[in-house]
Amino acid sequence: MRQVIKCGHLFDVNEKRFREQANVYIEGNEIVKVEYGAAGPEEGWEVVDLSGKYVMPGFIDCHVHLIMNGEPDGTASMSAATDGDMAFKAYVYAMRDLEAGFTSLRDEGSTGFADIALRNMIENGTVKGPRIFCSGMPLGTTGGHADGHFNPYITGRTSMGLIVDGPDAGRAAARENFKRGADQIKLMATGGVMSVGDDPGAPEFTVEEMKAICDEAKRKGKLTSAHTHGTLGIKWAVEAGIDTIEHGTMLDEEGLKMMVDAGTWLVPTLCAPYNIMRHGVEAGIPQEMVDKCAMVADRHKKSTRMAYEGGVKIAFGTDTGTPFSTHGSQALEFELLVDDGFAPEDAILSATKSAAKMLRWDHKVGAVEAGKLADLVAVDTDPIADIRALQKVTFVMKDGEIFKNR
């Protein structure tokens, strides 16, 4: 199919601004030409008229959990679900993200390799959906953020992740994930909010354990990401060679410098604590989760602002799937970033050009330009003037196929 998208305003990721009157020419799933200021589309192309809209590259959410959808206690529902249940849910939730403008997702950990199963079905054409960058099952330590806490007489797979202790076990678990088709390794470097009996500020993996995992990924040309709240856990993860810090809740000046020097990325996920604190115990979120979140929520915002102002590379991510962070609603993160001091243009860049670069997908997505895949989203009003406009996406195209046009 030969299409031309007639754009009233098109976001240029290199100039960080909307440019007026652009025609985007698409053959199949690829952008072949972008013309600015043209009088009208060339003949012989099917015209999609977005002349009254603000058009951007498809958004990329670099931190979602496709097997959860904002349940007050998501881990409780997983205890009775089969891998098949998880895969079907993941498909439904991924489509909600796509219709909200997120044409690419990075899943940050799924039980039973549900993220990989869905990605494979999308790529071979069995179902439609966003493109997915997969972690497989996250790696955690005994008693840590990815571990389960059933009574000892309950056996079988009782944790969300692959539980490893020691460098050799870490290497073996990474290899298992790569064997199943993972694009990266996700590891739990510190305690968490959505887990029992651990401390968000305390490290869980040692530097040696994380380095063994990171080295294994690097040998295969793969990425690594680390769930990190505590200050020391952030620094240890950077020292071990991690590629992306997730949350980065208690970042300090020394950790910031380490991240800048190493080129480590930050994925802030401000949505997660915002929604937990907004809804609270009254909505059914376990008391321990709310208490732990209250300990770190304000520090999280300060750390994100410090990272932005200090020159850390930042990519958009939401932790969608955690309590009351539902799939399809994650554009709230744009508003939270701007409230935390981001320029609206930089918030948009974090979900387009920057996110694509972090995932090493910048050769195919993250910008509207010739040679890139035809992923576009549009809204009706100027998001630079009011970033909340991005919560009302009215047009979505992924790989040249229109999924929403209202």
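Residues numbered from 1 in each chain as written. Predicted model: local features only at pLDDT ≥ 70, side-chain atom pairs only at ≥ 80, totals over all residues. Heavy atoms only, no water.

Per an unreviewed UniProt entry, the recorded name for the protein is Amidohydrolase family protein, and the organism is Candidatus Lachnoclostridium stercoripullorum.

A. Seen up close, the pattern of salt bridges. Inspection of the entire model under this criterion finds 29 salt bridges. Linking Arg17 and Glu15 is a salt bridge whose minimum nitrogen-to-oxygen distance equals 2.7 Å. For Arg17, a relative accessible area of 42% puts it in the partly exposed group. The exposure class assigned to Glu15 is partly exposed, which follows from its relative accessible area of 39%. The closest approach of N and O atoms between Glu35 and Lys33, which form a salt bridge, is 3.5 Å. On the basis of relative accessible area, Glu35 is assigned to the partly exposed category, the value being 25%. Here Lys33 falls in the partly exposed class, since its relative accessible area comes to 28%. A network of salt bridges, in which partner residues are shared, links Asp12, Glu15, Arg17 and Arg19. (Salt bridge = Lys/Arg side-chain N within 4 Å of Asp/Glu carboxyl O. Buried < 20%, exposed > 50% of the residue type's maximum accessible area, 1.4 Å probe, protein only.)

B. Structural detail: the environment of Lys357. Examined against the element boundaries, Lys357 turns out to sit in helix H12 (residues 353-358). The exposure class assigned to Lys357 is exposed, which follows from its relative accessible area of 51%. For Lys357 and Arg305, which are 52 residues apart along the polypeptide, the C-alpha to C-alpha distance reads 21 Å. Non-local contacts of Lys357, meaning those with residues more than four positions away in its chain, are made with Trp265 and Asp362. (Helix = DSSP H or I, 4+ residues; strand = E, 2+ residues; numbered from the N terminus. Contact = heavy atoms within 4.5 Å.)

C. Spatial organisation of the side chain of Asp61. The residue Asp61 is located in strand S5 (residues 59-64) in this model. Among buried Asp, Glu, Lys and Arg side chains, Asp61 stands out as unpaired, with Arg106 the closest opposite charge at 7.7 Å. Looking at Asp61, its side chain comes within polar contact range of the side chain of Thr318, at 2.6 Å. (Lys, Arg positive; Asp, Glu negative; His and termini not counted. Polar contact = N/O pair within 3.5 Å; in protein donor to acceptor, adjacent residues only side chain to side chain.)

D. How the structure looks around the sheet that holds strand S2 (residues 17-27). Pairing is mixed in the open sheet, where seven strands are placed in the order S3-S2-S1-S4-S15-S16-S17. Two strands bound the open sheet, and with one partner strand each, they are strand S3 (30-36) and strand S17 (401-405). Taking the axes of each pair of neighbouring strands and ignoring which way they run, one obtains an average angle of 30° across the sheet. Examined bridge by bridge, strand S15 (residues 376-379) and strand S16 (residues 395-398) share three bridges and lie antiparallel to one another. Within S16, the position partnered with Leu376 by the bridge is Met397. (Pairing = 2+ DSSP bridges. Axes fitted to C-alpha atoms, helices over the stretch in contact; angles between N-to-C directions.)

E. Region of the structure containing unusual backbone geometry. One non-glycine residue with positive phi stands out, namely Phe113, at about 60°. Mapping Phe113 onto the fold places it in the loop between strand S6 (102-107) and helix H3 (114-123). Look at Asp399: it is not a glycine, yet its phi comes out positive at around 55°. Position of Asp399 among the secondary structure elements: in the loop between S16 and S17. According to the relative accessible area criterion, Asp399 is partly exposed, its value standing at 25%.

F. How the structure looks around helix H5 (residues 207-219). Here H5 contains 13 residues, and its C-alpha end-to-end distance of 18 Å stays within 8% of the 18 Å for a straight helix at 1.5 Å per residue. Residues Val207, Glu209, Met210, Ala212, Ile213, Cys214, Glu216 and Ala217 constitute the buried set of H5. Structurally, H5 contributes buried residues whose contacts are with strand S8 (139-140), helix H4 (167-180), strand S10 (184-188), strand S11 (223-228) and helix H6 (231-240). Just past H5, the residue Gly221 takes up positive phi, approximately 70°. (Expected span 1.5 Å × (residues − 1).)

G. Spotlight on the state of the cysteines. This model, assessed by the stated rule, comprises zero disulfides. Free of any disulfide, Cys134 has its nearest neighbouring cysteine sulfur in Cys62, separated by 13 Å. (Disulfide = S-S within 2.5 Å.)

H. Structural detail: the packing of aromatic side chains. Here the structure, examined in full by the defined rule, presents 10 aromatic pairs. Each ring, one from Phe18 and one from Tyr54, has its centre 5.3 Å from the other, and the planes form 85°; the classification is edge-to-face. In this pair, Phe18 sits in strand S2 while Tyr54 sits in strand S4 (residues 46-57), placing the two residues 36 residues apart along the sequence. Cation over ring: Arg2 sits above Trp45, and NZ or CZ is 4.0 Å from the ring centre. Directly above the ring of Tyr36 sits Arg19, whose terminal nitrogen or CZ lies 3.6 Å from the centroid. (Phe/Tyr/Trp six-rings, centres within 6.5 Å; stacked < 30°, edge-to-face > 60°. Lys NZ or Arg CZ within 6 Å of the ring centre and 35° of its normal.)

I. Quick peek at the pairing of S6. With respect to burial, S6 is a largely interior element, six of its six residues being buried. Looking at chain direction, S6 and strand S7 (residues 131-133) are connected through three bridges and run parallel. Looking at the pairing, Leu105 lines up with Ile132 of S7. Note on the crossover from S6 through H3 to S7: the handedness is right-handed. (Right-handed = clockwise from strand over helix to strand, strands pointing away.)

J. The sheet that holds S6, seen in detail. As summarised here, the arrangement of the three strands in space is S5-S6-S7, forming an open sheet in which the pairing is parallel. Each edge of the sheet is formed by a strand with only one pairing partner; in this case those strands are S5 and S7. Direction aside, neighbouring strands of the sheet carry axes that sit 20° apart on average.

K. Structural detail: helix H2 (residues 83-99). For H2, built from 17 residues, the straight-helix expectation of 24 Å at 1.5 Å per residue is met to within 8% by its first-to-last C-alpha distance of 25 Å. Within the span of H2, buried status applies to Met86, Ala90, Tyr93, Ala94, Met95, Asp97 and Leu98. At the C-terminal side of H2, Gly101 shows a positive phi close to 105°.

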